[in-house]
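Tertiary structure, described
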Amino acid sequence: SIMAAKHVIEHNLDLPTARKVTDKAFETYAERFKEYSPTATWVSDTKSNIGFQAKGIKLNGSLELKPHAVELELDVPLLLRPFKGRAIQVIDEEIRDWIAKANAGEI
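An account of the accompanying structure is given in this report. (Residues numbered from 1 in each chain as written. Predicted model: local features only at pLDDT ≥ 70, side-chain atom pairs only at ≥ 80, totals over all residues. Heavy atoms only, no water.)

Things to note about the pattern of salt bridges
Selection rule: Throughout this description, the term salt bridge denotes a Lys or Arg side-chain nitrogen within 4 Å of a carboxyl oxygen of Asp or Glu. Secondary structure follows DSSP: runs of H or I at least 4 residues long count as helices, runs of E at least 2 residues long count as strands, and numbering of each begins at the N terminus. Think of it in three bands: with a 1.4 Å probe and only protein chains considered, a residue is buried below 20% of the maximum accessible area for its type, exposed above 50%, and partly exposed in between.
Considering all chains together, one arrives at five salt bridges under this definition. Here Glu-94 and Arg-32 are joined by a salt bridge, their closest N and O atoms 2.7 Å apart. Here the residue Glu-94 occupies a position in helix H2 (residues 81–103), and Arg-32 occupies one in helix H1 (residues 15–32), the gap between them amounting to 62 residues. According to the relative accessible area criterion, Arg-32 is partly exposed, its value standing at 43%.

Shown next as structure tokens:
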């Protein structure tokens, strides 16, 4: 069974800045977790398809930019539910970190 619940991270940035923040956050995440081979591909101006490998299983998800929010979704088999929680938590932290940097005028 696959549970897809959207994880929402609110922000106060314009879309181009939100996209920059999302890119930076994912780059940082990918550096930290190379073993999961994280990938992110923008499929539109506001949606990025993301993927991971964990325990030989390919996981897919998406990051979507909304006005004042980033929505994160991961489709994860039951077996990897613990990984999902951790992955979302870390991506959430990275995005919030970069939102703060954007607000401080650092990017």
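Looking at H2
As a reminder of what qualifies: Helix span, expected: 1.5 Å multiplied by one less than the number of residues in the helix. Whether two residues are in contact is decided by their heavy atoms, any of which lying within 4.5 Å being enough.
When the terminal C-alpha atoms of H2 are compared, their 33 Å separation across 23 residues agrees well with the 33 Å that a helix rising 1.5 Å per residue should span. Among the residues of H2, those classed as buried are Phe-83, Lys-84, Ala-87, Ile-88, Val-90, Ile-91, Asp-92, Glu-94, Ile-95, Trp-98, Ile-99 and Ala-102. Contact partners of the buried residues in H2: strand E1 (7–10), H1, strand E3 (47–54), strand E4 (57–66) and strand E5 (69–75).

What to know about the pairing of strand E2 (residues 39–42)
This is how it is decided: Strand pairing is assigned whenever DSSP identifies at least 2 bridges connecting the two strands.
In this sheet, E3 lies alongside E2 in antiparallel orientation, the contact comprising four bridges. Residue Ala-40 lies in a different strand from E3, and its bridge partner there is Ile-50. The loop that links E2 with its antiparallel partner E3 comprises four residues.

Considerations on the packing of aromatic side chains
Operational definition: Stacked, tilted and edge-to-face pairs are distinguished by plane angle, under 30 degrees for stacked and over 60 for edge-to-face with tilted covering the rest, among Phe, Tyr and Trp rings (Trp via its six-membered ring) whose centres lie within 6.5 Å. In this scheme, Lys NZ or Arg CZ marks a charge over a ring once it lies within 6 Å of the ring centre and within 35 degrees of the ring normal.
This model, assessed by the stated rule, comprises seven aromatic pairs. Summarising the aromatic geometry, the rings of Phe-52 and Phe-83 are spaced 5.9 Å apart at their centres and angled 75° between planes, so their arrangement reads as edge-to-face. On the criterion of sequence distance, the pair formed by Phe-52 in strand E3 and Phe-83 in helix H2 is long-range, its members being 31 residues apart. Accessibility assignment for this pair places Phe-52 and Phe-83 in one class, buried. The ring of Trp-42 carries Arg-19 above its face, with NZ or CZ at 4.2 Å from the centroid. The residue whose ring lies beneath Lys-101 is Trp-98, and the NZ or CZ to ring-centre distance is 4.0 Å.

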